[in-house]
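# Structural characterization, general
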Amino acid sequence: MLRKKAKPVTDMNERTFKLLNDMAETLYAAKGAGLAAPQVGVLRRIAVMDCGEGLIELINPEIIEMEGEQTGPEACLSFPGYYGIVKRAQRVKVKSLNRKGETIIMEGEGYLARCMQHEIDHLNGVLVVDHVRDRWLYHEETNHKADLLEVVKLTNRELV
């Protein structure tokens, strides 16, 4: 499921609101920074994030501008306990819907930009392991290295 492209949300209804609420609850329970609907088994273009400044809900998000570059550690709730070194844009502008169905434009820089790119990637079937700069994932507590090729095999995707 994580490798499939999520479908757009076409109706703002109780089911959509329940999914947003449940995802936020799951995000906070897992102590993560972001969560995309495919990670909870729903192929819809919905993501929630809290990168330190409160809950952000993105519905049908798309990146409309990217600039700059940052490289640093990035983790994912789909690979619990591990992180990889990933290169991302330093600043992004995202067009999305809010829960009222209104179009919003959000800009993010630094960590927020990283989170936005990460969650939108999930909606496109792209995982953090597809961006890792070297061939290792690192365990958060022990720094033990996991061979990225073995992890990628588990996700049914070949490295380019």
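Refer to the preceding data block for the structure.
To keep things clear, this report deals only with the structure shown in the data block.

Cut-offs applied
- Residues numbered from 1 in each chain as written.
- Predicted model: local features only at pLDDT ≥ 70, side-chain atom pairs only at ≥ 80, totals over all residues.
- Heavy atoms only, no water.
- Pairing = 2+ DSSP bridges.
- Helix = DSSP H or I, 4+ residues; strand = E, 2+ residues; numbered from the N terminus.
- Axes fitted to C-alpha atoms, helices over the stretch in contact; angles between N-to-C directions.
- Contact = heavy atoms within 4.5 Å.
- Buried < 20%, exposed > 50% of the residue type's maximum accessible area, 1.4 Å probe, protein only.
- Lys, Arg positive; Asp, Glu negative; His and termini not counted.
- Salt bridge = Lys/Arg side-chain N within 4 Å of Asp/Glu carboxyl O.
- Polar contact = N/O pair within 3.5 Å; in protein donor to acceptor, adjacent residues only side chain to side chain.

In spatial order, the strands read S4-S5-S8-S9; together these 4 strands make up an open sheet with antiparallel pairing. Every interior strand has two partners, whereas the edge strands, strand S4 (70-75) and strand S9 (145-147), have only one. Across the sheet, the axes of successive neighbouring strands diverge by a mean angle of 35°, strand direction being ignored. With 2 bridges joining them, strand S5 (residues 82-88) and strand S8 (residues 136-139) adopt antiparallel strand pairing. In the strand pairing of S8, Tyr-82 is matched with His-139.

What follows is about the sheet that holds strand S2 (residues 46-49). Taken in spatial order, the 5 strands make up an open sheet running S1-S2-S3-S6-S7, and their pairing is antiparallel. Of all strands in the sheet, those with a lone pairing partner are strand S1 (34-36) and strand S7 (103-109), marking the two edges. Each adjacent strand pair in this sheet contributes to an overall mean axis angle of 40°, direction not counted. With 7 bridges connecting them, strand S6 (residues 91-97) and S7 associate as antiparallel partners. By the bridge assignment for S7, Val-94 is matched with Met-106. The strands touched by helix H1 (residues 14-30) within the sheet are S1, S2 and strand S3 (56-67), with S2 carrying the most contacts at an inclination of about 35°.

Non-glycine residue Lys-31 carries a positive phi angle of around 55°. Topologically, Lys-31 is positioned in the loop between H1 and S1. Phi at Asn-143 is positive, roughly 60°, even though this residue is not glycine. Secondary-structure assignment places Asn-143 in the loop between S8 and S9.

This paragraph deals with the side chain of Asn-60. Structurally, the position occupied by Asn-60 is in strand S3. Other than its neighbours up to four places away in sequence, Asn-60 contacts Pro-8, Val-9, Arg-45, Lys-95, Ser-96 and Leu-97.

Below, the discussion takes up the side chain of Asp-50. Checked against the element boundaries, Asp-50 lands in the loop between S2 and S3. Although Asp-50 is buried, it forms no salt bridge, and the closest oppositely charged side chain is Arg-99 at an N-O distance of 13 Å. Polar contacts involving the side chain of Asp-50 include one to the side chain of Tyr-28, which spans 2.6 Å. Discounting chain neighbours no more than four positions away, the residues touching Asp-50 are Leu-27, Tyr-28, Gly-32, Ala-33 and Leu-55.

Let us look at the environment of Val-86. Mapped onto the elements, Val-86 comes out in strand S5. With 23 residues separating them along the chain, Val-86 and Ile-63 place their C-alpha atoms 18 Å apart.

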